[in-house]
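What follows is each chain in one-letter form.
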Amino acid sequence: MTVCIAAICEAGAQIVVAADRMFTASFPLNLEFEPPLSKIEQLSSKSLAMAAGSSLAAAEIIEATKERIAEVGGHVFQIAIAARDAYTHLRNAKIDEQILNANLGPDFAAFRTRGGTLPAYLQVQPAIYQQLVIQMSQFNLGVDVLIAGYEDNGCHIYHLTHPGSLTAFDKLGYNAIGIGAIHAMVTLHLGEQSPKAPLAATLHAVYDAKIAAEVAPGVGQETEMAVISKDGVWRCSS
């Protein structure tokens, strides 16, 4: 339950990002609160990540990505690929934990350590195999991640979502995730936002999009914004 927005401006030289601070605790607490915690996570000196959905899964993906920054370098695309790999790794681990191990138990785990595969293990039980494959294909971490950053050839925005799909939004120049995403996207579209827009106009446009998203249930009223450029990340004051 959130909204996170990123928009390229100044002919690709800068990106404006915004996010609310609403966190949701699901059943049995069923609480929504806005703690003094930032949803804008700095990955490198010139790149940021924002996540919507399961905050615990998002934290694991972002931390795993940060650990690989030194290895992959500062290129935004390589950082996005590292995030995609972290997303896929976490999803596969949760599939093992919540589906395979829960249904098949330690016997299959021992079989797999000897080089066995799921089809071989269940070849005499095709109905069970088919059921597990359906559950695995439908398993969703329930998290989306926006990665935004600057490099020498300009600014880039990537959207990471189920089941580990990575999409570039450089051509459109903006994107939003979370339950308030559709309100934010419509506002940016109607305002004719483009990568050629100046910084001041884009700051206003992104802020307006965040305010428009607040009509969606679960979007907080507190707003945090930042700007990415060749000089690094600047966190906007209130």
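Below is a short write-up of the structure. (Residues numbered from 1 in each chain as written. Predicted model: local features only at pLDDT ≥ 70, side-chain atom pairs only at ≥ 80, totals over all residues. Heavy atoms only, no water.)

### Overview of the overall build of the protein chain
To keep things clear, this is the line we draw: Secondary structure elements are defined from DSSP: runs of H or I of at least 4 residues count as helices, runs of E of at least 2 residues count as strands, and each element is numbered from the N terminus. Whether two residues touch is decided by their heavy atoms; if any such pair falls within 4.5 Å, the residues are in contact. Working definition of accessibility: Shrake-Rupley area with a 1.4 Å probe, residue cover restricted to the visible protein chains. His residues and chain termini do not enter the charge count, which takes Lys and Arg as positive and Asp and Glu as negative. Just so you know, the charge point we use is NZ for Lys, CZ for Arg, CG for Asp and CD for Glu.
Within the protein chain, the regular secondary structure consists of eight helices and twelve strands. If one aligns the C-alpha atoms of the protein chain with their principal axes, the spans along those axes are about 65 × 40 × 30 Å. Expressed as a percentage of contacts within the protein chain between residues at least 6 apart in sequence, the contacts between residues at least 24 apart total 61%. For the protein chain, the computed accessible surface area is about 12,100 Å², with 56% contributed by carbon and sulfur atoms. Each charge class in the protein chain was averaged separately, 15 positive and 23 negative side chains, and the resulting centres sit 5 Å apart.

### Quick word on a nonpolar patch on the surface
The line we're drawing: What goes into a patch is any residue over 30% in relative accessible area without a salt bridge, connected to like charges within 9 Å or, for nonpolar side chains (Val, Leu, Ile, Met, Phe, Trp, Tyr), within 5 Å. By convention in these notes, a salt bridge is any Lys or Arg side-chain nitrogen within 4 Å of a carboxyl oxygen on Asp or Glu.
On the surface, Ile182, Val186 and Leu190 cluster together to form a nonpolar patch covering roughly 320 Å² of accessible area. Examined against the element boundaries, Leu190 turns out to sit in helix H7 (residues 181-190).

### Overview of the pairing of strand S6 (residues 47-53)
What counts is decided by this rule: Throughout, exposure labels follow a simple rule: accessible area from a 1.4 Å probe, protein chains only, divided by the maximum for the residue type, with under 20% read as buried, over 50% as exposed, and the rest as partly exposed. At least two bridges found by DSSP between two strands are what make those strands a pair.
Burial runs high along S6: six of the seven residues are buried. Summarising the sheet, strand S5 (residues 41-44) and S6 pair through three bridges and their orientation is antiparallel. Across the sheet, the residue bridging to Gln42 is Leu48, located in S6. In sequence, S5 turns back onto S6 through a hairpin of two residues. Bridge count for S6 against strand S7 (residues 143-151) is seven bridges, and the pairing is antiparallel. The residue bridging Gly53 from the neighbouring strand is Val143, located in S7.

### Topic: the side chain of Lys39
Under the convention used in this document: Within 3.5 Å is the distance limit for a polar contact, defined as a pair of N or O atoms, with the added protein rule that one can donate a hydrogen and the other accept it, and that residues adjacent in sequence qualify only through two side-chain atoms.
Structurally, Lys39 is set in the loop between strand S4 (31-33) and S5. Classification of Lys39 as buried rests on a relative accessible area of 10%. Here the side chain of Lys39 touches Asp20 through a polar contact of 2.9 Å, side chain to side chain. At a separation of 2.5 Å, a polar atom in the side chain of Lys39 contacts the main-chain carbonyl oxygen of Met22. In this structure, Lys39 is in contact with Met1, Thr2, Ala19, Asp20, Arg21, Met22, Phe23, Ala49, Met50, Ala51 and Glu224, ignoring residues within four places of it in sequence.

### Remarks on the sheet that holds strand S2 (residues 14-19)
Rules: Axes here mean lines fitted to C-alpha atoms, for a helix over just the part in contact, with angles spanning 0 to 180 degrees between N-to-C directions.
The strand order across the open sheet formed by five strands is S10-S1-S2-S11-S12, and the pairing between neighbours is antiparallel. Among the strands making up the open sheet, the edge pair consists of strand S10 (174-177) and strand S12 (232-235). The mean angle between the axes of side-by-side strands here comes to 15 degrees, regardless of whether they run parallel or antiparallel. By the bridge criterion, four bridges tie strand S11 (residues 224-229) to S12 in an arrangement that is antiparallel. Along S12, the bridge assignment pairs Ile228 with Val233. Sheet strands in contact with H7 are strand S1 (4-9) and S10, and its direction is about 160 degrees off that of S10. In the packing of helix H8 (residues 199-213) onto the sheet, the strands contacted are S1, S2 and S11, and the crossing angle to S2 comes to about 20 degrees.

### Some points on the side chain of Ser44
Relative to the helices and strands, Ser44 resides in strand S5. By relative accessible area, Ser44 is classed as buried at 14%. Sequence-distant contacts of Ser44, defined by excluding residues within four places in its chain, comprise Ile69 and Ile79.

### Comments concerning unusual backbone geometry
The step from His162 to Pro163 runs through a cis peptide bond, and the omega angle for that step is 0 degrees. When you line up the elements, Pro163 lands in the loop between strand S8 (154-161) and strand S9 (165-168). You will see that Ala11, though not glycine, has its phi angle at about 55 degrees, which is positive. Here Ala11 shows up in the loop between S1 and S2. Under the relative-accessibility criterion, Ala11 is labelled exposed at 68%.

### Observations regarding the nonpolar core
The line we're drawing: Nonpolar cores are built from buried Ala, Val, Leu, Ile, Met, Phe, Trp, Tyr and Cys residues. Side-chain atoms within 4.5 Å join them into one set.
In this structure, Val143 and Ile147 are the most contacted members of the largest nonpolar core, which totals 32 residues. Breaking this core down by element, the ones donating at least two residues are S6, helix H1 (55-67), helix H2 (69-72), helix H3 (76-104), S7 and S8. At twelve residues, H3 tops the list of elements feeding residues into this core. Excluding its chain neighbours within four sequence positions, the residues that come into contact with Ile147 are Leu43, Leu48, Val76, Ala80, Ala83, His156, Ile157 and Tyr158.

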